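# Breakdown of the fold
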Amino acid sequence: MVMLLTGGAGYIGSHTALVLLEAGYDVVVYDNLSNSSPESLRRVERLSGRSLTFIEADIRDTARLEQALTEHAVDAVIHFAGLKAVGESTEKPLAYYENNVGGTLSLCQAMRAADVRTLVFSSSATVYAESDEMPLTEAAPTGRPTNPYGSSKLMIEWILQDLYAANPDWSIAILRYFNPAGAHESGEIGEDPNGIPNNLLPYVSQVAVGRLEQLSIYGNDYATPDGTGVRDYIHVMDLAEGHLKAANAIARASGLHLWNLGTGKGYSVLEAVQAFERVSQRPVPYRVVGRRPGDIAQCWADPRKAEAELDWQCSRGIDDIMADAWRWQSHNPQGYRDSER
Ligand code: NAD
Ligand code: UD1
C-alpha cells in the first residue's frame, strides 16, 4: 500500500512515516519544508533501513498534488500539512485560513481528480468547547475556538463532513489529538520548533539543555488540584501508531469516523515539570506568571472509542515521554540544525 503524507517532514509526520515504513507501507512525503527540515526524512530512512519518496511542494498546488497521487499510485493520504502556531494565527489569520483550509480544499480536489478517496486528517482537541466535564468523548460539543488556528481545524472538520455526506464512497478519519509530546526512543528524530517554542514540552527541554533560561508557568490559579493547567500528553510514537491503525481501519470500508487520540490521563504543568526533572536529572527553573490568553484549565481524552474500534492503545507513559524528549534534545541541542551545519 502506498501512503502519501502531506506535511510528512514535520514532527508528527516524520514519526508516522517511520512507523509506516517499518510496517511495510511505501511512503511518499509531500511537504514544502516551511516548518521542517529534510534531515528528519534522512533519519527516518536510516532508522527504518528503507527509502521513501520526497516531493518538495505546496499542498495549495493542486495540479502538482494530483500528479503526485497518480504518478505514485497512492492508496491513501494522511494530511498533516498545516500551520500550527496559535499566537501567530491571531496575527496572520488569512495566512492560516489560506494554508490550512485552502490547502485542504486543494488536497480534496486533487484526491477527487486522482480518484483517491481515503483520507486521515490531523485535527485537535482544541475544537471541543470548554467544559468542566472530563474526560472528553467524541460526542462532547465543539465550541467556538479562541484563535484562527483552532477555527481552521473545526472548519476543515465541517468541510470533510460535507464532502462525505455528498460522496459516501469516501473513507475519512478525523483524528483529534490531545497533546503530542516526546520523541522516537532512538533520540534521532523529535520536535524541532522554529524560534521560541509555544508548547510546554519543547520549552521545558530547551530550558534543561541551556538554550532558554527559565520556564514561565502560565497561571497557578486554575480550578485544578495544584492550580496549574491539566493536559493529556500523548507520546508521539503512540500517536503515530494510531495513524497506522486508523489508516488500516478506514481502508476496509467507506465511512466518516471521529477518533480521540489521547491517553485518558491528565497531568498538571507542575507534575509534567517534576516528571521531566526526575527522568532527566536536570533542574528546570521556573516562575509563575499570569494566565496565557485563550488557555483552558483542563483537557483530557476519553480514548475508549479509538481503543475499541482501532484495536489501539497507548503503551507509553509520562516518564517515557520525558525520557525520550530529553534524549532527543540532549543529543540534538539545536535540533536538526546540528547536522545541517
Ligand atoms: P509541524 O509543523 O512539525 O508539521 C507540519 C508540516 O507541514 C511541516 O513539515 C510543514 O513544512 C508542512 N507544511 C505546512 N504548510 C504546508 C503546505 N502549504 N504545503 C506543504 N507542506 C506544508 O507540525 P506537527 O506538530 O507535526 O503537526 C502536524 C499536524 O497535526 C498539523 O496539522 C497540526 O495542526 C496538527 N496538530 C498538531 C498538534 C501538536 O501539538 N503538535 C496538536 C494537534 C494537532
Ligand atoms: C496548545 C494550543 C492548542 C494546540 C496545542 C497543540 C493554545 C492556547 N492552545 O494547546 O490550540 O492544539 O497547543 O499545538 O496555545 N504552559 C506553560 N508554559 C509554557 C507553555 C505552556 O505553563 O511555556 C502550560 C499551558 O498553560 C498549558 C500546558 O502548559 O496549561 C500545555 O500547553 P501547550 O503545550 O501550549 O498546549 P495547549 O495549551 O494544551
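The notes below deal with the structure included here. What you see is a predicted model, and the numbers here were worked out from it, not measured in a lab. (Residues numbered from 1 in each chain as written. Chains lettered and ligands numbered in written order. Predicted model: local features only at pLDDT ≥ 70, side-chain atom pairs only at ≥ 80, totals over all residues. Heavy atoms only, no water.)

The next point concerns the environment of A165. Mapped onto the elements, A165 comes out in helix α6 (residues 148–166). In this structure A165 comes out as exposed when scored by relative accessible area, which is 61%. (Helix = DSSP H or I, 4+ residues; strand = E, 2+ residues; numbered from the N terminus. Buried < 20%, exposed > 50% of the residue type's maximum accessible area, 1.4 Å probe, protein only.)

So, about the site of ligand 2. Around ligand 2, 19 residues are found, and the nearest of them are L200, S216, R231, R292 and D295. A distance of 3.1 Å separates an oxygen atom of ligand 2 from a polar atom in the side chain of S124. R231 is positioned with one of its side-chain polar atoms (N or O) 2.6 Å from an oxygen atom of ligand 2. For ligand 2, whose accessible area on its own is 740 Å², the fraction buried by protein is 89%. (Near = heavy atom within 4 Å. Polar contact = N/O pair within 3.5 Å; in protein donor to acceptor, adjacent residues only side chain to side chain. Areas by Shrake-Rupley, 256 points an atom, 1.4 Å probe, with all protein chains shown as cover.)

Let us now look at the sheet that holds strand β11 (residues 255–261). Taken together, seven strands build an open sheet; the order of strands is β3-β2-β1-β4-β5-β6-β11 and the sheet is parallel. With one partner strand each, in any of the chains shown, β3 (53–56) and β11 form the two edges of the open sheet. Each neighbouring strand pair of the sheet contributes to a mean axis angle of 20 degrees, computed without reference to strand direction. Inspection of the sheet shows strand β5 (residues 118–124) paired to strand β6 (residues 171–177) by seven bridges, in the parallel sense. In the sheet register, V120 faces β6, and the bridge partner there is A173. (Pairing = 2+ DSSP bridges. Axes fitted to C-alpha atoms, helices over the stretch in contact; angles between N-to-C directions.)

Before going further, it helps to spend a moment on the site of ligand 1. Lining the immediate environment of ligand 1, one finds 27 residues, of which D31, N35, S36, K84 and Y149 sit closest. The separation between an oxygen atom of ligand 1 and a polar side-chain atom of S36 is 2.7 Å. N99 places a polar side-chain atom, nitrogen or oxygen, 2.8 Å from a nitrogen atom of ligand 1. Among the elements of the structure, α1 (11–22), β5 and α6 are those that each provide at least two residues to the shell around ligand 1. Residue composition of the shell around ligand 1, grouped by class: eleven nonpolar, eleven polar and five charged. (Nonpolar A, V, L, I, M, F, W, Y, C, P; charged D, E, K, R; others polar.)

To continue, consider the sheet that holds strand β9 (residues 230–231). If you walk across this open sheet you meet the three strands as β12-β9-β14, and the pairing is mixed. Of all strands in the sheet, those with a lone pairing partner are β12 (267–268) and β14 (298–299), marking the two edges. Judged from the two bridges that link them, β9 and β12 form a sheet pairing that is antiparallel. Residue pairing for β12: V230 is matched across the bridge by S268.

Along the polypeptide, T118 turns up in strand β5. Residue class for T118 comes out buried when judged on its relative accessible area of 15%. Between the C-alpha atoms of T118 and S89, which are 29 residues apart in sequence, the distance is 29 Å. Ignoring anything within four residues of it in the chain, the contact list for T118 reads D75, A76, V77, M111, S171 and I250. (Contact = heavy atoms within 4.5 Å.)

To continue, consider the packing of α1 against helix α8 (residues 236–252). Packing of α1 against α8 brings their axes to within 8 Å, and their N-to-C directions diverge by 60 degrees. With respect to α8, the axis of α1 lies oblique. Between α1 and α8 lies a crossing of right-handed hand. Of α8, the residues touching α1 (which contributes Y11, I12, H15, T16, V19 and L20) are V236, M237, L239, A240, E241, H243 and L244. Classifying every residue of the contact of α1 with α8 by side-chain character gives nine nonpolar, three polar and one charged. (Parallel < 35°, antiparallel > 145°, perpendicular 65-115°, else oblique. Left-handed = near helix turned anticlockwise from the far one by under 90°.)

Bringing the packing of aromatic side chains into the picture now. For the structure on display, the rule yields three aromatic pairs. A centroid spacing of 5.8 Å and a plane angle of 80 degrees characterise the contact between F276 and W326, whose relative ring orientation is edge-to-face. Linking F276 in helix α9 (residues 269–280) with W326 in helix α11 (residues 318–331), this pair joins segments that are 50 residues apart in sequence. As far as burial versus exposure is concerned, F276 and W326 are alike and both buried. (Phe/Tyr/Trp six-rings, centres within 6.5 Å; stacked < 30°, edge-to-face > 60°.)

Bringing the pattern of salt bridges into the picture now. Scanning the entire structure with this criterion turns up 22 salt bridges. For the salt bridge of K84 with E191, the shortest nitrogen-to-oxygen distance reads 3.8 Å. Taken together, the positions of K84 in the loop between β4 (76–79) and α4 (86–91) and E191 in the loop between β7 (179–181) and α7 (200–208) put the pair 107 residues apart, joining distant regions of the chain. Residue E191 is classed as buried on the basis of its relative accessible area, which comes to 14%. The salt bridge partner of E157 is R176, with a shortest N-O separation of 2.6 Å. Here E157 is found in helix α6, whereas its partner R176 is found in strand β6, with 19 residues between them in sequence. (Salt bridge = Lys/Arg side-chain N within 4 Å of Asp/Glu carboxyl O.)

This next bit is on helix α5 (residues 93–114). Spanning 22 residues, α5 covers 30 Å between terminal C-alpha atoms, matching the ideal 32 Å at 1.5 Å per step. Taking the largest bend as the criterion, α5 deviates by roughly 25 degrees, centred on G102. Within α5, burial applies to Y96, N99, N100, V101, G103, T104, S106, L107, C108, A110, M111 and A114. One or two steps after α5, the chain reaches D115, where phi turns positive at roughly 60 degrees. (Expected span 1.5 Å × (residues − 1). Bend = angle between axes of the 7 residues up to and from the residue.)

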